[in-house]
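What follows is the residue order along each chain.
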Amino acid sequence: MSGNFWKFGIAAALVLLPASMASAQEAPDAEETAALCHGGGSICVSAKIPVVKATTQAVQSWMSPDVGAAWTAGYKGQGVTITVVDDFSSSSRFSGNFGIGTQYQRHGEWTREEASMIAPSATIRSKDFSTGSAVSLASGRNVLNLSYGMYASAGYGVNQIGWAPEEKSIISYATWGSAVVSKAAGNDSVAVGGVTGGQQDYLDLALIGKPTAIFVGALSTNGTTSNKAQLAWYSNYAGSNTAVQSHFLVVGVEGTKTGLYGTSFAAPIISGYAAIIGSKFTSATPVQITNDLLNTARTDTLVNYNPAVYGKGEASLSRALAPVAIH
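About the thresholds
Residues numbered from 1 in each chain as written. Predicted model: local features only at pLDDT ≥ 70, side-chain atom pairs only at ≥ 80, totals over all residues. Heavy atoms only, no water. Axes fitted to C-alpha atoms, helices over the stretch in contact; angles between N-to-C directions. Helix = DSSP H or I, 4+ residues; strand = E, 2+ residues; numbered from the N terminus. Left-handed = near helix turned anticlockwise from the far one by under 90°. Contact = heavy atoms within 4.5 Å. Expected span 1.5 Å × (residues − 1). Buried < 20%, exposed > 50% of the residue type's maximum accessible area, 1.4 Å probe, protein only. Pairing = 2+ DSSP bridges. Phe/Tyr/Trp six-rings, centres within 6.5 Å; stacked < 30°, edge-to-face > 60°. 1 Å grid on protein atoms, 1.4 Å probe; cavity = no way out; pocket = protein on both sides within 12 Å on 5 of 7 lines; lining within 4 Å. Points joined across faces, edges and corners; volume = space filled by probe spheres on them. Nonpolar A, V, L, I, M, F, W, Y, C, P; charged D, E, K, R; others polar.

(A) Highlighting the packing of helix α9 (residues 267-280) against helix α10 (residues 286-295). Relative orientation of the contacting elements α9 and α10 amounts to 115°, with a least axis distance of 10 Å. Relative to α10, the crossing made by α9 is right-handed. Touching Ile270, Tyr273, Ala274, Ile277 and Gly278 of α9 are Ile289, Asp292 and Leu293, all from α10.

(B) Representation of the environment of Thr224 in the model. By the element assignment, Thr224 lies in the loop between β11 (213-219) and α7 (242-245). With sequence-adjacent residues up to four places away left out, Thr224 is seen in contact with Asp300 and Thr301.

(C) Structural detail: helix α5 (residues 165-176). Its 12 residues give α5 an end-to-end C-alpha distance of 16 Å, which sits within 8% of 16 Å, the value for a rise of 1.5 Å per residue. Among all positions in α5, only Glu166, Glu167, Ser169, Ile170, Ile171, Tyr173 and Ala174 are buried. Phi turns positive, to about 70°, at Gly177, one or two residues after α5.

(D) Highlighting the environment of Ile170. Within the fold, Ile170 resides in helix α5. Overall, Ile170 belongs to the buried group, its relative accessible area being 0%. Remark: the alpha-carbon pair of Ile170 and Leu146, spanning 24 residues in sequence, is separated by 9.4 Å. Contact partners of Ile170, with chain neighbours within four places excluded, come to Val85, Val135, Leu144, Leu146, Tyr148 and Val181.

(E) Just the sheet that holds strand β7 (residues 141-146), in detail. The strand order across the open sheet built from seven strands is β6-β3-β7-β9-β11-β12-β13, with neighbouring strands paired in parallel fashion. Two strands lie at the open edges of the sheet, namely β6 (123-128) and β13 (313-314), each paired on one side alone. Two strands pair when backbone bridges link them, and strand β9 (residues 180-184) and β11 are joined in this way by four bridges, in the parallel orientation. For Val181, the partnering residue across the bridge sits in β11 and is Ala213. Against the sheet, helix α4 (residues 107-118) engages β3 (80-86), β6 and β7, with an angle of about 160° to β3. Helix-sheet contacts for α5 involve β3, β6, β7, β9 and β11, and the interaxial angle to β7 is about 130°.

(F) Representation of the packing of aromatic side chains within the structure. Per the counting criterion, the structure on display carries seven aromatic pairs. When the centroid spacing of 5.2 Å and the interplanar angle of 75° are considered together, the rings of Phe129 and Tyr148 count as edge-to-face. Placement of Phe129 in the loop between β6 and β7 and of Tyr148 in strand β8 (residues 148-153) is noted, with a sequence separation of 19 residues between them. Considered together, Phe129 and Tyr148 belong to a single accessibility category, that of buried residues. Aromatic ring contacts, followed pair by pair, group Trp62, Phe94, Phe98 and Trp110 into a single cluster.

(G) Structural detail: the layout of surface pockets. Estimated volume of the second largest pocket: approximately 240 Å³. What lines the second largest pocket is a set of 14 residues, and nearest its centre among them are Ser64, Asp66, Gly223, Thr224 and Glu314. Among the residues making up the lining of the second largest pocket, the classes are represented as three nonpolar, eight polar and three charged.

Set out below in structure tokens:
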């Protein structure tokens, strides 16, 4: 099986919903998502997108307070490259506000901006996911942000898939520990890798068990011990597979503040956290950074914590930065 995938910006349908509609728990419609062909078809176009740095380094209300504490300590992602693989060339745009004014942007422009706001000193690179070409790594420490999925009819084995160079390179980096790979869990309210509408996200399936792959689910808010958070109604969850549970994290996606909903906006937070951790532990490998994030996650900030729902728990940047060194 080769070339029969459709690539979706996972949260595209959700981010079009106003905050007042989110509570209605309407399932995302695949026809409403921004779809681009994969593998070099006639409508697949490449685009050179300039790197955009965040216009402000102010801590925004949708962020965890841990972000500001990390910045104060001098850790802002310097020395780390985040490559955002996403839609930078389609005509699909939608509005939102990360606290710096309402904007009207493509899915990739939103995820790129979010990662750059969390880790403002990281180098941010854009890779249009419609081209299918291999993702290249920068020198030094690398993080890849994947706020999309690769969907096809359910029932195939991962070894039956003929991956294009793009996903083949990503899977290889996660397998060999060459980069931290932050993958949006999906917005179908199913376990990672589960079937929805007769389809599966084969990129999820291919990344299960890979040392530096992290699946990222969405909480409705950032959690605290006094005001615990719960999984957003749309978010995929860890499920019963322990290989997923051990590499699954959740973070707050406060769409009521930004107008942006979906696990697409959870993954860039983890990408930013990984870059911040890399800016403190400058000799750490991607495997060590990944394990640091996973092993320091909190469960005491979550409603009815269950690893089948929340995996390792809510990512805690302050705990991940606490050690003198990571191994």
